[in-house]
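# Secondary and tertiary structure notes
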Amino acid sequence: MDENKLKADALVVGGGIAGMQSALDLADQGYQVILVEKEPSIGGKMIMLSKVFPTLDCASCITTPKMSAVANNKNIRILSYSEIQSVQKNGSGFIANVLKKPRFVVEETCTGCRLCEYACPVDIPNPFDLNIGAIRAVRVPFSTAVPQIAVLDMDNCILCGKCARACPVDSIDFLQTEKEVEIEVDTLIIATGFETTPIDAKKEYGNGKLHNVIDGLIMERLLAPTGPYARVIRPGDGKEPESIAYVQCAGSRDETLGVPYCSRICCMYAIKQAMLIAGSLPMADITIYYMDIRTFGKGYEQFYQNAQAMGIEFVKGKVAKISEDENQNPVVRVELIDENSQIIERTHDMIVLSVGMSPKYNPSQVYGVNVDEFGFVKSPTPNLSSTKTNQPGIFATGASTGPMDIVDSINSASAAASSAASYLESVRNGK
Amino acid sequence: MNETTTTKEPKILILATLSGGYAGADYVGQQHLNYTTNTSILPVRCPSMFSTEFYIQAFEKGIDGIIVMYSGTDSPFKGGPERTAVMVDQTYKKMGELGINIKRLKLAAICTVCKKPFLKQVNEMNKTLNEIGFVQDELADQGKDK
Amino acid sequence: MTEKTNPKPEETKIGVYVCYCGGNISDVVDVEKVAEKMREHPNVTIARTDMSMCSDAGQSIVENDIKELGLTRVVIGACAPSLHEHTFRGTVARGGLNPYYFHHVGLREQDSWVHSNNPGGATEKAVRLMYAGIAKANLLKPLDMIKLKAERHALVIGGGVAGLRAAYDIAGRGINVTLIEKTPFLGGRMAQLETVFPTGNNAREDLHSLINEVRTHPLITIHTLSELVNIRGYIGNYDVQIRSQSRGVSGDNAEAALAACTQEVPDDFNYGLTKRKVVYRAYEGCFPSTPAVDWEHYDGKPIEIDGQKVIFENKKKTFDLRIGAIVIATGFQPYEPPRGDYGYDELPEVVTLPQFIRYMGLRDGNVGELTWKGHPVRDIAAIHCVGSRHLAGVHEPQPDGILNNYCSRVCCTATLHQVNELLDEYPNINVYDFYEDIRTYGLEHESYYTEASKNMVRFLRFHGDQRPEVAAAPEGDTHPVLVKGKDYLTNGLEIEVPVDLVILAVGMVPRPVDDLVDMMKIPKGDDRFLLEVHPKLRPVETPVPGIVLAGTAQSPMNIQESCNAASAAAAKVSVLLASGQVELDPFVAKVDLDKCTGTGDCIEVCEYEDAIVLETMTVEGNEVQRAVVTPANCSGCGNCVSACPHHAIDVQGWEVAHYEAMVDAITMEVEL
Ligand SMILES: Cc1cc2nc3c(=O)[nH]c(=O)nc-3n(C[C@H](O)[C@H](O)[C@H](O)COP(=O)(O)OP(=O)(O)OC[C@H]3O[C@@H](n4cnc5c(N)ncnc54)[C@H](O)[C@@H]3O)c2cc1C
Ligand SMILES: Cc1cc2nc3c(=O)[nH]c(=O)nc-3n(C[C@H](O)[C@H](O)[C@H](O)COP(=O)(O)OP(=O)(O)OC[C@H]3O[C@@H](n4cnc5c(N)ncnc54)[C@H](O)[C@@H]3O)c2cc1C
Ligand code: SF4
Ligand code: SF4
Ligand code: SF4
Ligand code: SF4
């Protein structure tokens, strides 16, 4: 087949848990699916997480087999490191123009052996670890990446050629250029996911400048067995923290930040992380400052009750300000609602801001779909058919349609696959 | 074998149904509850497949206690639990004949979320075995009597 | 693949892999040590460890080893087999081996996670279990999946919004659907709502748009007043029996019967707030529009229609269907507080939220002032978490022994939505909202909370172990009821709020479905809701192949979530039935004809029709009887195995010899 022109039944945009699930559900019904992912590997946010609520399974243990199932499914083709430039209507279907970014590595021959990575002399901050740890300018993105193919960061490459000499299969290609691929499909699913709300948005919380104030996603990396240090330490000085506090709704439910909605996952992930920390640092004091604890899902309230029984301290209070003392210990100023609204200051070793979710990508331009004021894809029928968009044949799923945890994302993804399959059947039967 | 040292632990074999005890054991794991390591859990579809001979052989090989964690009335197999009970009853008789303490074999219905019953069974079997000792000693004693 | 390629146990080349499981196993079990011990085993060609065996990279290692080292068996020690046994069978197959040449040993749920207090013992146990796994692997035989024709026909149980959505989506994929609804009318609980969050749309209008799509779909058949009464078979080929009751009235005499009927009973559609006739429509505009007789309450007396005395007759009929897969969408019922709890059922001024919604829906036209039982309503208290979020040691378990310790998820937003609607219409009413946490979690839900605050709803926060109390006010008080409690927004101040009406935000409990649970052998969770296999890997599937869950039968959900779950269930059904063929594990009985002498003991104990029979065949010129298994009918229970005096039967993949070998391995003394 001409590699610049591809044809399939469905195109799924975004290879996070939602996109993967939609792709699998369609492929398992016999449809041909192309999965386009902007990053060098599929996996989305979930592959970065440590363990996941409410089962406390390790996130990789759930994600990597899905990634592998996607990679091994004969009906799915992954286009990684690629982005959709434009989408045109084509009868009842679509033609999408995709830009494949250069990896500077020949995909067809690279075996993922990592010899290039070991040979590369340039260390750069590791994006997979949110720039905490270091990684080489050429590398396999992370150990469980799919596809297992190296990618070279040309911005940081010094063109020393060491990787090219190390590569046993001559796969380094410094002259690779971007490629355009045209894809003809009948239906399209948007699964572009979310971004955490920025840690530096709030002046009262130090604009991201305080040494030992991090956000929830970084804590996930610190807790992950694959993370940069494989243990929880203060980013400021590498000390093991003895007192850790969570500030809930840091970036959500806050009109001043333009995020009035509740992000829905941060209560649960904070409790989860607190439990994990209590496991790895049994002597540490853990406090969660909150307004409302929103543990609404199946098994979630029980999870919250377990955390309370474990001795994690839940304090109902509004954190007005975070500053730091001379030892770079963060100091919270908090109004204790349960104690006559008295305002106190407490010093901790480390603070985690429970940041929320906002959309990663606004698809309204390229796909012509309606989005809400925040950029989440909006369904004309949110109750009865939440994955529909205003464009017939285009569906949206997962966190691109609103904050959602993994369970809800997976159901939404299967729902999108269902709607897309019905659409495919109806256009084929000329209905 | 004439071993009398008691530094070793009694060995507990747990035959657990995929639809009941085995899933229950997984659930106990998900809850991170602790029990003793002298347990070997083997998955079975339905323990109705095991004849008296199988159980007796296991004791003779040195298994000190067997807990059959079947699915009871939750079994997906028609007639399976009943047949299991029949086989276990037959085995009790045979154990009696051979002088093997019948407390070494226990039939228990364990469901997929039965964490407490699961732990109770394991703890009770441990307690029993601590009281009655190793099966090899029991069999050796029998040998002497005869 | 034939048996001939099966190497003798002593010639097997086994690859053994022990997973760190990202720390889940290796934090307790000395994984490297385990691998080292494995290398001592004579049949082990290679033993490796990996951070996560199930990752693509981990799986590739296995594939390569099979190809390069010529492995003939694979044993992996990792998480529970229920999670990844299937994954690894695929890996082994891609490596070129028969997928059943693989054995999975659970080292996480049954070792590291339960022995964190004894790492040494856990490591020893891991070695023991792995040796047992190797012992079994040595004896494995190659097997092929059983391929069966699958009926492209799904059964949906429950005609609420989730069942309707599932039916429509399955039919959309070109698969036949039969939808059965127990009551005479479709729509479930959603029909009892008025406007719904987050759209503000009228619930019944939205519902009817879906019902119309369902009832006009050529592939969907609807049976109201129908229930499942029997089920046999297996995925792809379930034989189900459905019992339908008749409506009692038909098109010709229906309207007349409705008009003539005089017997009245409490109207369950309005949660007993009103009465209705025993010949009834659930509501105006319901589907089907033909009224039905309420058989449970009908007193059997004749009713005079057009001068004729008519006695309604319930003509029950049962019919059989062959079904490929089943969706359970049996829904929920609002929690009903016991008499006296929060004054419920004792004080006339205490209602549940669903009752209140009905009350508001029942008012006709614009009434100047809100009244309750004839009295003007000036002050209202809403109490959250009634029947939800109960605490062990503080609250009594329910009569069935279960503690309602879960959050019902919809009541917070539903309450605030009602309160806002009420205040839009009656801005002068004061609302006191007693809550513990406000859980307006959804994208558009928080605005209900902010709006309620703007509407001057007075929020009062209780602690879960000190819930508010409701009592009758003393004679002559300004208001009939007092709500007492501590408000932790004002330092635990004791407060007493006099009100005219108390709304209890009751939670959800599943509709009783014990009959279905028993018939289908599907599990319920600690909270009585139907239980999925795994919330992330298989969130809508039950452990019984071909039976999936949709909507609030599984857990509290709002409409959007119910519909998403229903569509997800439809996707699973489509995956199963789209090709018209299902593949089953080959774990069925197999008779060794060389050993069988035709005693027939196996047939005696087999409970499955036509699973095993004696057939006449010719052996060495003699006509003999031998047992023969029909794989599609055999459940693989193994009843026959222990019955055969000649050890001539085994369940494939689960042979007695496997267990004997595993027991040998377990009783071997291991030194670390
Ligand atoms: C700190 C933290 C902890 C969490 N912990 C848990 C937990 O324990 N349990 C739980 O259930 N949930 C948890 N979550 C939530 C969970 O991460 C999300 O529910 C889930 O990742 C959403 O999946 P998704 O596929 O919709 O989005 P994502 O995971 O964001 O995936 C989107 C994918 O699309 C790609 N993409 C984006 N734009 C484009 C484009 N234009 N073209 C092509 N590709 C594109 C992205 O690169 C990404 O791969 C947590 C979240 C956070 C922030
Ligand atoms: C007070 C209240 C207010 C709410 N407000 C909102 C709102 O504003 N917005 C929102 O999104 N959600 C709201 N909800 C939630 C919403 O009602 C549910 O999400 C939705 O109705 C669930 O639909 P379902 O199909 O799962 O269950 P149900 O509606 O209960 O339907 C189940 C159906 O199955 C039938 N059935 C049961 N057993 C059998 C059997 N054995 N055989 C055959 N049929 C059977 C039943 O008769 C019923 O018709 C509210 C809930 C409550 C309690
Ligand atoms: S580019 Fe070459 S050296 Fe680098 S991983 Fe690929 S094959 Fe190995
Ligand atoms: S989930 Fe919890 S922390 Fe997150 S925005 Fe909602 S209430 Fe705040
Ligand atoms: S949704 Fe609100 S009222 Fe309902 S149980 Fe949860 S916290 Fe309580
Ligand atoms: S395994 Fe069970 S179902 Fe199959 S033939 Fe034997 S007794 Fe019958």
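From a predicted model like this one, the values you see are computed outputs, not experimental measurements.

## Some details on the interface of chain C and chain A
Accessible area lost upon the coming together of the parts serves often as the stated size of an interface. Counting residues at the interface gives 79 residues for chain C and 76 residues for chain A. In this structure, the connection of chain C to chain A is made through 10 salt bridges. Among the ionic pairs, Lys298(A) bridges to Glu532(C), the shortest N-O distance being 3.1 Å. Our enumeration of links across chain C and chain A arrives at 34 residue pairs in polar contact (both at pLDDT 80 or more). Elements supplying a minimum of two residues to the side of chain C that touches chain A: α2 (56–69), α3 (81–94), α6 (161–172), α7 (203–215), α11 (446–454) and α13 (559–577) of chain C. The greatest single-element share of the side of chain C that touches chain A, amounting to 13 residues, is contributed by α13(C). For the side of chain C that touches chain A, a count of residues per class yields 37 nonpolar, 24 polar and 18 charged.

## Observations concerning the site of ligand 2
Residues and elements named next belong to chain C. Neighbouring ligand 2 are 35 residues; Glu 181, Arg 189, Arg 511, Thr 552 and Met 557 lie closest to it. Arg 189 has a polar backbone atom sitting 2.7 Å from an oxygen atom of ligand 2. A distance of 2.8 Å separates an oxygen atom of ligand 2 from a polar atom in the backbone of Met 557. Taking 1,000 Å² as the accessible area of ligand 2 by itself, protein coverage stands at 98%.

## Examining the confidence of the model for chain B
Looking at chain B as a whole, its pLDDT mean stands at 89, while 92% of the residues score no less than 70. Per-residue pLDDT stays below 50 along residues 1–6 of chain B; that stretch engages in seven contacts with residues further than four places along the chain or on separate chains.

## Structural notes on the site of ligand 4
Around ligand 4 sit Gln248(A), Cys249(A), Ser252(A), Arg253(A), Cys262(A), Ser263(A), Arg264(A), Ile265(A), Cys266(A), Cys267(A), Asp292(A) and Arg294(A), and that is every residue in its neighbourhood. Tallied by class, the residues present in the shell around ligand 4 amount to five nonpolar, three polar and four charged.

## Some details on the environment of Lys182(C)
Residues and elements named next belong to chain C. Structurally, Lys 182 is set in the loop between β7 (176–180) and α7. With a relative accessible area of 46%, Lys 182 lands in the partly exposed category. Through-space distance from the C-alpha of Lys 182 to that of Thr 224 is 6.0 Å; in sequence the pair is 42 residues apart. With near-sequence residues (within four places) excluded, Lys 182 lies in contact with Leu 225, Ser 226 and Glu 227.

## Let's talk about the pattern of salt bridges
If you walk through the whole model with that rule in mind, you get 63 salt bridges over all chains. Here Glu195(A) and Lys360(A) are joined by a salt bridge, their closest N and O atoms 3.3 Å apart. Linking Glu195(A) in strand β15 (residues 194–196) with Lys360(A) in the loop between β23 (357–359) and α8 (364–367), this pair joins segments that are 165 residues apart in sequence. For Glu195(A), a relative accessible area of 31% translates into the label partly exposed. Here the residues in one salt-bridge network are Glu301(A), Arg389(C), Glu436(C), Asp437(C) and Arg439(C), joined through shared partners.

Calculation notes
- Here the residue numbers are simple positions, counted from 1 along each chain's written sequence.
- Following the order in which they are written, the chains are lettered starting with A and the ligands numbered starting with 1.
- In view of the model being predicted, local features appear only for residues whose pLDDT reaches at least 70, and side-chain atom pairs are presented and counted only at 80 or more, with totals across whole chains, interfaces and linings using the full set of residues.
- The side-chain quantities take in all heavy atoms of the structure and omit both hydrogens and water.
- In what follows, residue pairs with any heavy atoms lying within 4.5 Å of each other are defined as contacts.
- A pairing counts as a salt bridge when a side-chain nitrogen of Lys or Arg comes within 4 Å of a carboxyl oxygen of Asp or Glu.
- What qualifies as a polar contact is a pair of N or O atoms within 3.5 Å, subject to a donor-acceptor requirement within protein and to the restriction that residues adjacent in sequence count only when both atoms come from side chains.
- A run of H or I in DSSP counts as a helix once it spans at least four residues, and a run of E counts as a strand once it spans at least two, with each numbered from the N terminus.
- Three residue categories are used. Nonpolar comprises Ala, Val, Leu, Ile, Met, Phe, Trp, Tyr, Cys and Pro, charged comprises Asp, Glu, Lys and Arg, and polar comprises the others, including Gly.
- We call a residue near a molecule or strand when any one of its heavy atoms sits within 4 Å of it.
- For the accessible areas, the method is Shrake-Rupley and the probe is 1.4 Å, while residue cover comes only from the protein chains on display.
- For every residue, the predictor reports its confidence as pLDDT, a number between 0 and 100.
- Buried residues are those whose accessible area, probed at 1.4 Å on protein chains only, stays under 20% of the maximum for their type, while exposed residues exceed 50% and partly exposed ones sit between those limits.

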